[in-house]
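Take a look at the letters that make up each chain.
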Amino acid sequence: MHQTEHSSRSERKRRDSFGMFDGYDSCSEDTSSSSSSEESEEEVAPLPSNLPIIKNNGQVYTYPDGKSGMATCEMCGMVGVRDAFYSKTKRFCSVSCSRSYSSNSKKASILARLQVTGKPPTKKAKVLQKQPLVAKLAAYAQYQATLQNQAKTKSVAVSMEGFSWGNYINSNSFIAAPVTCFKHAPMGTCWGDISENVRVEVPNTDCSLPTKVFWIAGIVKLAGYNALLRYEGFENDSGLDFWCNICGSDIHPVGWCAASGKPLVPPRTIQHKYTNWKAFLVKRLTGAKTLPPDFSQKVSESMQYPFKPCMRVEVVDKRHLCRTRVAVVESVIGGRLRLVYEESEDRTDDFWCHMHSPLIHHIGWSRSIGHRFKRSDITKKQDGHFDTPPHLFAKVKEVDQSGEWFKEGMKLEAIDPLNLSTICVATIRKVLADGFLMIGIDGSEAADGSDWFCYHATSPSIFPVGFCEINMIELTPPRGYTKLPFKWFDYLRETGSIAAPVKLFNKDVPNHGFRVGMKLEAVDLMEPRLICVATVTRIIHRLLRIHFDGWEEEYDQWVDCESPDLYPVGWCQLTGYQLQPPASQSSRESQSGSSKQKKKAKSQQYKGHKKMTTLQLKEELMDGEDYNFLQGASDQESNGSANFYIKQEP
């Protein structure tokens with residue numbers, strides 16, 4: 001009896017009111033933390049000396065089991081530590097190499113050449129003949145030294161000719177995410193009730209008159225900014241239906257022609273249907289909705305951006321995530337910034353991000369919170385450059401660090417910024433000021449901490465221990481960790497660690513409006529110059545799984561529902577940015593029948609593996625003796641309270 005009561009108390013102690021792993025017993029009582037703001041380039045604490053250290057291309061990696069091995073990238077020929085290579089097969093040194101190799105049907109190596117101008121980038125690639133390993137290594141070394149700003153593309157050069165969002169959506173009966181899902185996008189907060197059956201005045205293209213004339217059309221289908229329109233009078237005839245961007249300069253509310261003195265002329269195809277078109281329009285338009293009279297003005301105002309060229313900011317160093325550097329705004333397109341690092345003499349060392357990105361900050365931010373910072377060799381500002389006003393940057397929620405707070409060494413789960421398709425076992429390496437945390441991915445950290453990354457405590461990219469298990473997401477264990485399947489209880493006991501308290505994490509879930517299967521335009525965060533055709537494939541509360549159409553699932557990315565790197569269908573057309581079409585569209589004609597079958601078989605094999613993994617997780621949850629959790633959410637939508645923290649009572 002006494003033993004049963006003791007066991008029950010022990011179980012309750014290890015479960016908090018949210019049903020999460022909030023009370024793990026630590027094997028070490030020393031959990032002190034520090035949030036000091038030392039010099040920005042301070043030395044970081046070394047990792048345990050008993051771990052083997054392996055140097056690879058300037059980076060120092062440690063591996064718990066010491067079984068590293070070497071590998072050669074099949075794309076670029078670089079030799080490195082096998083465990084530091086990308087994907088489960090360890091055939092490539094990076095995501096870009098894997099994509100380039102795959103997209104070229106595995107026949108040749110591709111080194112990408114992206115345009116480095118102020119204009120939106122387009123994909124270009126150069127196909128190289130196979131060369132001996134030594135020659136490839138030399139070529140790669142030169143490429144790294146001279147073209148550091150360039151990235152490898154996903155495929156051979158892709159032309160936008162032939163790709164149409166309208167045809168793509170119509171032929172597949174797709175549904176696009178509504179503009180209201182994207183608060184940072186133009187008209188995202190003032191879209192109103194624009195929907196099907198709204199009438200507008202548009203140019204009449206079915207007319208032989210030499211001057212530009214207009215006619216009234218109704219919205220048949222809405223897909224982001226794009227609308228499928230049908231001229232008034234065609235009834236159920238879709239023969240002349242056409243797609244256009246509803247925010248375009250030629251789209252006007254009903255009444256605009258009368259106020260502007262423009263002629264309304266019925267399309268030639270249906271001119272014979274009615275003798276009194278004025279009476280027809282009065283009858284058809286009575287009680288109908290149209291655009292607000294100031295719609296075009298609102299569109300123009302929502303596309304005014306406070307960031308301007310020559311503004312200076314602090315931005316993450318893309319080569320060392322643990323620190324920031326000074327960069328200068330080179331150009332602004334639709335709120336996206338092309339930033340050029342201040343020390344780049346030829347202005348080709350750049351970085352793309354949105355003006356609301358958590359990766360950019362005002363000058364002096366790093367020093368104020370104790371973040372590492374690379375001091376510029378430039379001693380004074382260049383002519384015309386000026387610091388961006390602090391109020392222009394995205395604000396983070398204020399937090400109270402005086403009470404119970406994150407501590408160094410605490411464990412959690414985090415999206416890996418270097419492989420956004422995975423959520424990994426992670427550790428808080430340093431606590432900074434204002435709620436910011438330095439985090440490292442267990443098992444693959446550089447000994448000098450150069451691959452630590454900064455997340456705010458309220459970031460939607462960090463999760464309590466057990467989040468993936470509850471929500472049926474595959475958690476990536478530490479590299480080299482052999483005790484599989486991974487169990488948090490065992491791992492915490494072995495490492496002498498404790499889990500970060502659940503109550504410290506952000507549990508807000510906005511009513512975002514996304515649904516599984518919705519189409520959108522999304523930044524490829526591994527190559528942030530590129531915006532691609534994409535699909536929402538999973539929704540876990542506020543977390544979205546973004547799939548790039550035409551690419552395998554291993555390139556999917558976990559993104560927050562309020563990420564400024566997601567855009568409505570038609571955003572690229574509206575802003576003049578280059579949209580990358582589905583990869584399959586450019587390779588469909590060039591692929592042979594056998595290669596198609598191989599790709600399909602590989603895709604089915606991958607999907608089968610994912611299903612098996614999910615089944616295993618379900619079985620583990622059912623067999624668990626200590627805890628019983630609710631599955632967090634369906635893959636349709638999760639809005640409202642964050643029930644993925646709620647315990648299922650026995």
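As recorded in an unreviewed UniProt entry, the chain goes by MBT domain-containing protein 1 isoform X5 and comes from Balaenoptera musculus. The Subcellular location (unreviewed entry) field of the UniProt record for the chain holds the comment "Nucleus".

Chemist: Even after reading the chapter, I still don't get the overall build of the chain, so can you show me in this structure?
Modeler: Along its length, the chain carries 13 helices and 31 strands. Expressed as a percentage of contacts within the chain between residues at least 6 apart in sequence, the contacts between residues at least 24 apart total 64%. For the chain, the exposed surface amounts to about 30800 Å²; the carbon and sulfur share of it is 51%.

Chemist: Quick question: what am I supposed to make of the pattern of salt bridges here?
Modeler: One pass over the full model with this rule turns up 30 salt bridges. A salt bridge links Arg268 to Asp206; its shortest N-O distance comes to 3.9 Å. Of this pair, Arg268 sits in the loop between α5 (256-260) and α6 (277-285) while Asp206 sits in the loop between β8 (199-203) and β9 (214-223), placing them 62 residues apart in sequence. We classify Arg268 as partly exposed; its relative accessible area is 49%. With a shortest N-O distance of 3.8 Å, Arg325 and Asp317 are connected by a salt bridge. For Asp317, a relative accessible area of 1% gives the class buried. Here the salt bridges share partners, and the residues they tie into one network are Asp317, Lys318, Arg319, Arg323, Arg325, Glu343, Asp349 and Lys374.

Chemist: What exactly am I supposed to notice about the environment of Met518 here?
Modeler: Of note, Met518 is situated in strand β26 (residues 518-523). Sequence-wise, Met518 and Val569 are 51 residues apart; in three dimensions their C-alpha atoms are separated by 10.0 Å. Those residues in contact with Met518 that lie beyond four places of it in its chain are Ile175, Ala176, Ala177, Pro178, Gly513, Ala534, Thr535 and Val536.

Chemist: Hey, could you run me through helix α10 (residues 488-495) in this one?
Modeler: One turn of the α-helix equals 3.6 residues, which is why residues spaced by three or four share an orientation. Along α10, the residues classified as buried are Trp488, Tyr491 and Leu492. Seen along its axis, α10 keeps its buried residues to an arc of 95 degrees; they face one direction. Looking at the buried side of α10, the elements it contacts are β20 (411-416), β21 (419-431) and β25 (475-476). Gly496 sits one or two positions beyond α10 and adopts a positive phi of about 65 degrees.

Chemist: Looking at this structure, how should I read the pairing of β20?
Modeler: Residues in a regular strand project their side chains so that they alternate between the two faces of the sheet. Within β20, 6 of the 6 residues are buried, which leaves it mostly tucked inside the rest of the structure. In terms of strand pairing, β20 meets β21 through 6 bridges, oriented antiparallel. For Leu412, the partnering residue across the bridge sits in β21 and is Ala426. Bridge analysis of β20 against strand β24 (residues 462-463) gives 2 bridges, and the strand direction is antiparallel. Bridging from a neighbouring strand, Glu413 pairs with Phe463 of β24.

Analysis parameters
Residues numbered from 1 in each chain as written. Predicted model: local features only at pLDDT ≥ 70, side-chain atom pairs only at ≥ 80, totals over all residues. Heavy atoms only, no water. UniProt positions renumbered as here; feature names shortened; annotations may be inferred. Helix = DSSP H or I, 4+ residues; strand = E, 2+ residues; numbered from the N terminus. Contact = heavy atoms within 4.5 Å. Areas by Shrake-Rupley, 256 points an atom, 1.4 Å probe, with all protein chains shown as cover. Salt bridge = Lys/Arg side-chain N within 4 Å of Asp/Glu carboxyl O. Buried < 20%, exposed > 50% of the residue type's maximum accessible area, 1.4 Å probe, protein only. Arc of directions from axis to C-beta. Pairing = 2+ DSSP bridges.

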